[in-house]
Number of protein chains: 2
Amino acid sequence: MFEATKVGRKVRKQDFKDQIPELRTELLDIQRRLADSGTPVIVLVAGIEAAGKGEVVDRLNEWLDTRGMQTWAFWDESDEDRERPRYWRFWNAMPPRGQISVLFGGWYQDPLERHMHGKCSDRDLEVELRRIEEFERMLSMDGALIVKFWFHMSEKDQKARFKKLSRDDRSRWSMMPEKSKFSEHYERFERLAEHVVSETDTGIAPWYLVEASDTRYRDLAVGKTLLDAIKARLDNPVDGTSTHTARSPSLPDLPDARRTLLDELDLGVTISDEDYTRRLQALQDELGDLAWAAYKAKRSVVLVFEGSDAGGKGGAIRRITNAVDSRLYRTIQVAAPTDEERAHHYLWRFWRHIPRAGRMTIYDRSWYGRVLVERVEGFATEAQWSRSYYEINEFEQQLSDAGIIVVKFWLHISKEEQLRRFKEREETPHKQHKITDEDWRNRDKWEEYTHAVNDMINRTSTHRAPWVVIPGNDKHYARVAVLEAVTKAIRKALKDKKKD
Amino acid sequence: MFEATKVGRKVRKQDFKDQIPELRTELLDIQRRLADSGTPVIVLVAGIEAAGKGEVVDRLNEWLDTRGMQTWAFWDESDEDRERPRYWRFWNAMPPRGQISVLFGGWYQDPLERHMHGKCSDRDLEVELRRIEEFERMLSMDGALIVKFWFHMSEKDQKARFKKLSRDDRSRWSMMPEKSKFSEHYERFERLAEHVVSETDTGIAPWYLVEASDTRYRDLAVGKTLLDAIKARLDNPVDGTSTHTARSPSLPDLPDARRTLLDELDLGVTISDEDYTRRLQALQDELGDLAWAAYKAKRSVVLVFEGSDAGGKGGAIRRITNAVDSRLYRTIQVAAPTDEERAHHYLWRFWRHIPRAGRMTIYDRSWYGRVLVERVEGFATEAQWSRSYYEINEFEQQLSDAGIIVVKFWLHISKEEQLRRFKEREETPHKQHKITDEDWRNRDKWEEYTHAVNDMINRTSTHRAPWVVIPGNDKHYARVAVLEAVTKAIRKALKDKKKD
C-alpha cells in the first residue's frame, strides 16, 4: 500500500497559481449548493507525521467559506471530554446538514498513537476499527458524506521534511508539546497505517491517499478531490447507503501531477542469454523442491498473474508449471464468467479454486479484473468496483490467515513494445489466435488502464499479499524475476514457519 | 434480549391445519417469482439447543420446491473443508441468483461453540463477528436477501424438551455424536447469544427471533416470515444496500400467536399507603447517598423513562429527583427536536446530554422514540427504524464501556386505566395541559404500540443496559418499583467495582 504516494507527483508554482482562482470559485459555489442540501460533510485529515496536515487544514479554511465549516482537533483532551465516553467529542464535532466539519485526525488518531506506543494490542485495535466502521456507516446511512484524506510520502522525503522543520523553531511541529517520535519508526508506522487504512476503506467512507511531498500538489489534489466528492453527491443524491465518490484523489490536469508508479519502472533492464539459461534452470530446480516442501508443510500457494496485454503472462506461468510437479498445481484461466459463475458474487468463481493444503493455484488473470477491465470498460458500477478493493483485501487476508502464501504479479511492458508484439502476433500464423480486436480496443485506453493499475497496487499491495511489478520488455528478464519472487516468497514463508 | 421469546406464543392444531395450504401455495408462488429475479436468498437457521432447528429445515424442504433450494449443514467438516480457509465451505453453499440456500448454523455455529467451550477469547469473538458482518454486508450489497432465524425459549421449556428428547432414542438429538452440553449452561449461552445476535443484527441482515416452544407456532412463523421477506424484496427491489424486511417474525393472525411480553405483566399489583410511605422514604434516603457515592466513584448514571401515555413517568421521575442533590442530576425532556437537532443524526441530541463523570442524566422519553412513535406513526422509514436497534445497542454499549450505569424503564398501564386517567385529566383544570389530541390518537394505535414495545424490549434489553418493565396501574407501586430498581443498579455497580 501507499506505493503510489511515492512517485514524485508535483505541481509547478505557476501552474498552482493559475489553477487556484477557478478552484476557489468552484469550492465556494459548491458550498452554497451544499448549504441548501440535506448533506453534512465530514472531512478527515490524517497521515504520517510531518505530512503537513495542519497546513492542509489552514488551506481549507482559506479556500472555503468559514461560515459553513468548522475545524476540530482532538489532541488536547479536556476534562469535559475525558469524563464522557470517548466518542462524545466526535459527536460534538458533527456538522449540521449542509455544513462541513474538518477533523484533524478524528477517530483514527487515538488508536494509531496508542498502538504505536504499545498501549493497545492487535486485538484491541480490531475492536476499535470495528467501532470506527460502525460509526462511519451510521453517519453515512444518515446521509453524511465522509471524505478521508491520508497523507503519505517516502521515508526519504519525510526525513528531509523533518530536517527542515527542526531548523525552524516556530514550525508547528517544533511547537507541539509531545513529539510522538513516529519519525523514527517509518516502516512500523507504515505497516500499521496499511492495516488501519485498508480495514476502514469501505466504499461508504473511502480513504483518498495523497502524496504529500510536494505541498502544491498535495493542496491542489485535496481541493479538487473535495470539490468533486461534494459535487458528485449533490448531482446524484443517494440515500447514504451507496457512494459515488471516487477512490483516488482528483488529479490536477498536469503531467507531473498525474505520475503513476508505472512511470517509476525501469523497462530497460535485460538479461543475457547465458545468464538466462543458467538462472532459469537453477530457479526451476529450486521451485520444484520448494513446491514439495510446501506440500509437506501443508502451506498452499496462490499466484496471481495480471499484466498488460501481450505482457508475457503465459510465458512466465509456463516457466513455473514446468518446474512444479503437476500433481501439486492447477492453473485457472480466467475468461468471461460462465452462467453459473455469473449467478454468484464475483468472488465466488475464485473461491472455488482455492487450493487444498499444500497445493498451488495459479490464476491467469484474477479477481482483479473487477478493478481493471470491469472498471475501465464500465462493466461494474463505480460503487461496485470501488468497494471491491476492500472486499479483495478481506479475501486475501482470509487466505493469508489460513497460511496460504499469496504473491501477485503485474507484468508491465511499454506501449511501443506492446505494439511490436501485437504486430508480431498478427504476422505469425501460430500466434494469430492470441491477438483480438479487444486487445486493440484496450490499447486505446492505455492511460485509463495505467491509472487503474496504479490505484489497484496502491490499494491492495499488502505485506501479506504483495504485488510484484515486473518490467516485461525483456521476456527473459521477466521470467527470471517472476521465478525469483516466487521462490523467495515460498522459501521465506517456510523458514518463518520453522522459526515459530 | 429474547424476552419476547418466552411469552408462550402458540398455534392450535386445527388452526395450523387451516393455515398450511394457503401458506404452501404462496411459498411455491413466490419461489417461482424468485427464480426469475436476480436475488439469491440465504436462510440461516440458528438458536439454542433442542429448539428443533432440524425440524424447521425439514419443514422448509417439505414446503418449498426443492429444485430451487439447497440445504447445507456444517457440523461435520470434511478434509476438503479443513484444508482451506474457513469460509471456503460457506462460499460453496452460496445459492445462485433466484435460488434459496438454507444453512444450518452457518457462520455462527463455529464461533458460538468455540466460545462456549472456552476455545476462543472475547477479543477473538469480536474479530470473528467483524468478519461475519463484513461477509453478510458483501453478500447483501451484491443483492442477496439474508434471512436469519434465531430460535429461543425459556429455560423451563428447554428442559422439558430435553427430557422428551432423551426418552426418544431415535431423536436427532440423541443421535448426534457429540452433545454440546449447552443445555447445562442456559444462562451463559443466552448471554453469549445476546451478544452475538445484537452485534450482527444490522439492518442489512436482520435476525428474526422466534419462540420455539410450540412447534406449530415456530414453523408457521418461519414460513410466513420467509414468505413476507421474499415478497417484500421482490415487490421492492433494492440495490442490496438497504432492507425492507421486517425485524420481527410475521405472526399468524391468531390471538395466541400474537402474545407480547406486556401480556405477561401482572397489572393488579398494589402497595398499601403505609408501606408506600415507609418504602419511599427509605429508598429516597438511600438513593441520595448512592448518588454521592457514585459521584465519588466517578460512575455516571443514565436513566431512561418510556411508557404508556399517562403511565406515570413524570411522577416516578419526580420521586427520583426529590431524592438526589440537584447538583448531580439533569432531567432531559424529550419533545419534538429543535431545528439544530433535526440537522443532525437522531442520536446526536441524546449524546449531547451524556453526563460528566459521576453525574446522572434522566431522559424523560429518549432515543427509543425512533422505534416507538417514529415507527408507529411512520416518521421514520422502515429501513431507518429497523437499523436503529443496532445503532442503539452500539450507543448503549459505549455508555456502558465508559462505566456509565444504564437503566431503562417501561411504565405500563392497562388500556382501561389509561382511559380513566385521560378522563381525569380532562376533568381536572390543573391537569388539562397534560392531555392532548395526540394522546387520544396514540390510544387508537394501542396494539401497534404494544408490538413496537415488545420488539423494542426484545431487541434492546441487554445485560449492560436492561429494560425494567413496571406495572403502573397503581402509581405508588410503580414509584417504589422504579426507585428499587435504580438503587439496586447503582448499589450493585459500585459494589462490583470495589471487587475489581
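Cut-offs applied
Residues numbered from 1 in each chain as written. Chains lettered and ligands numbered in written order. Predicted model: local features only at pLDDT ≥ 70, side-chain atom pairs only at ≥ 80, totals over all residues. Heavy atoms only, no water. Helix = DSSP H or I, 4+ residues; strand = E, 2+ residues; numbered from the N terminus. Rg over C-alpha atoms; globule rule 2.2 N^0.38 Å. Buried < 20%, exposed > 50% of the residue type's maximum accessible area, 1.4 Å probe, protein only. Contact = heavy atoms within 4.5 Å. Areas by Shrake-Rupley, 256 points an atom, 1.4 Å probe, with all protein chains shown as cover. Lys, Arg positive; Asp, Glu negative; His and termini not counted. Charge placed at Lys NZ, Arg CZ, Asp CG, Glu CD. Least-squares fit on C-alpha atoms with pLDDT ≥ 70 in both. Salt bridge = Lys/Arg side-chain N within 4 Å of Asp/Glu carboxyl O. Polar contact = N/O pair within 3.5 Å; in protein donor to acceptor, adjacent residues only side chain to side chain. Pairing = 2+ DSSP bridges. Phe/Tyr/Trp six-rings, centres within 6.5 Å; stacked < 30°, edge-to-face > 60°. Lys NZ or Arg CZ within 6 Å of the ring centre and 35° of its normal. Buried area = accessible area lost by both parts, 1.4 Å probe. 1 Å grid on protein atoms, 1.4 Å probe; cavity = no way out; pocket = protein on both sides within 12 Å on 5 of 7 lines; lining within 4 Å. Points joined across faces, edges and corners; volume = space filled by probe spheres on them. Nonpolar A, V, L, I, M, F, W, Y, C, P; charged D, E, K, R; others polar. Domains from an automatic or database assignment. Axes fitted to C-alpha atoms, helices over the stretch in contact; angles between N-to-C directions. Left-handed = near helix turned anticlockwise from the far one by under 90°. Parallel < 35°, antiparallel > 145°, perpendicular 65-115°, else oblique.

### What about the overall build of chain A?
In terms of regular secondary structure, chain A is built from 20 helices and 10 strands. A globule of 500 residues ought to have a C-alpha radius of gyration of about 23 Å, and chain A, at 24 Å, matches this closely. Taken along its principal axes, the extent of the C-alpha atoms in chain A is 70 × 50 × 50 Å. Here chain A holds 500 residues, and 59% of them are scored as buried. In chain A, the proportion of contacts linking residues at least 24 apart, taken out of those at least 6 apart, comes to 83%. As displayed, chain A offers around 21,500 Å² of accessible surface, 47% of which is attributable to carbon and sulfur atoms. Taking the 85 positively charged and 86 negatively charged side chains of chain A as two groups, their mean positions are separated by 3 Å.

### Structural notes on the relation of the copies chain A and chain B
For the pair chain A and chain B, the relating rotation is 180°, the translation along its axis is 0.0 Å, and the fit reaches an RMSD of 0.0 Å. Within this description, the copies of the chain are treated as partners about a two-fold rotation axis. With an isologous cut-off of 70% or more, the 98% of interface residues of chain A that recur at the interface of chain B puts this contact in the isologous class.

### Considerations on the side chain of Asp214(A)
Residue and element names in this part refer to chain A. Within the element layout of this structure, Asp214 appears in the loop between strand E5 (207-211) and helix H10 (215-235). Buried charged residue Asp214 carries no salt bridge. Nearest counter-charge: Arg216, at 4.3 Å. Only 3.0 Å separates the side chain of Asp214 from the backbone nitrogen of Val11, close enough to count as a polar contact.

### Considerations on the pairing of strand E6 (residues 301-307) of chain B
Residue and element names in this part refer to chain B. The element E6 is extensively covered by neighbouring structure, given that seven of its seven residues are classed as buried. Residues Val301, Leu303, Phe305 and Gly307 point to one face of E6 and Val302, Val304 and Glu306 to the other, with burial holding for every one of them. Here five bridges tie E6 to strand E8 (residues 360-364), and the two strands are oriented parallel to one another. Bridge pairing in E8 links Val302 to Thr361. When E6 meets strand E9 (residues 405-412), the two strands line up parallel, connected through seven bridges. From the neighbouring strand, Val304 faces E9, where its bridge partner is Lys408.

### A look at the packing of aromatic side chains
Within a pair of aromatic rings, the relevant descriptors are the distance that separates the centres and the angle that separates the planes. Applying the stated criterion across every chain, the model contains 48 aromatic pairs over all chains. Relative to Phe151(A), the ring of Phe149(A) has its centre 6.0 Å away and its plane inclined at 15°; by these criteria the two rings are stacked. Like Phe149(A), the residue Phe151(A) is buried in the burial classification. One Lys or Arg, Arg84(B), reaches over the ring of Trp88(B) and ends 4.0 Å from the middle of that ring.

### Quick look at the interface of chain A and chain B
Every contact between the two is made by 54 residues of chain A and, on the other side, 53 residues of chain B. Overall, the association of chain A and chain B removes approximately 5,200 Å² of surface from exposure, summing both partners, and the carbon and sulfur fraction of that is 51%. Linking chain A to chain B there are 16 salt bridges. Linking chain A with chain B are 33 residue pairs in polar contact (both at pLDDT 80 or more), by the criterion used here. Sorting the residues of the side of chain A that touches chain B by element identifies helix H3 (79-82), helix H4 (88-92), helix H6 (122-141), helix H14 (348-351) and helix H16 (382-401) of chain A as the ones contributing at least two each.

### Overview of empty space enclosed by the protein
Following the criterion strictly, the structure yields 11 cavities of 30 Å³ or more and no others. Lining the second largest cavity we find 19 residues, and of these Tyr390(A), Glu391(A), Glu394(A), Glu134(B) and Met138(B) sit closest to its centre. Classifying every residue of the lining of the second largest cavity gives nine nonpolar, three polar and seven charged.

### As for the domain arrangement of chain A
Quoted interface sizes are often the accessible area lost when the parts come together. All names here are of chain A. When cut into domains, chain A gives domain 1 (3-258) and domain 2 (273-499). Of note, the centres of domain 1 and domain 2, computed from C-alpha atoms alone, are 33 Å apart. Contacts between domain 1 and domain 2 engage 24 residues on the former and 21 residues on the latter. It is Glu3, Glu194 and Arg247 that lose the most area in domain 1 upon contact with domain 2, and together they represent 29% of the buried surface on that side.

### Some thoughts on the packing of H6(A) against helix H6 (residues 122-141) of chain B
Between H6(A) and H6(B), the least distance of the axes is 9 Å, while the angle of their chain directions is 35°. Note that H6(A) runs across H6(B); the crossing there is left-handed. Only Arg123(B), Asp124(B), Glu126(B), Val127(B), Leu129(B), Arg130(B), Glu133(B), Glu134(B) and Arg137(B) of H6(B) make contact with H6(A), whose side of the interface consists of Arg123(A), Asp124(A), Glu126(A), Val127(A), Leu129(A), Arg130(A), Glu133(A), Glu134(A) and Arg137(A). Its residues assigned to classes, the contact of H6(A) with H6(B) comprises four nonpolar, no polar and 14 charged.

### As for the packing of helix H5 (residues 106-116) of chain B against helix H9 (residues 186-199) of chain B
Residues and elements named next belong to chain B. One way to put it is that H5 packs onto H9 with a least axis distance of 11 Å and a crossing angle of 135°. As the angle between them shows, H5 and H9 are arranged oblique. In the packing of H5 onto H9, the handedness of the crossing is right-handed. Touching Tyr108, Leu112, His115 and Met116 of H5 are Arg188, Phe189, Leu192 and Val196, all from H9.

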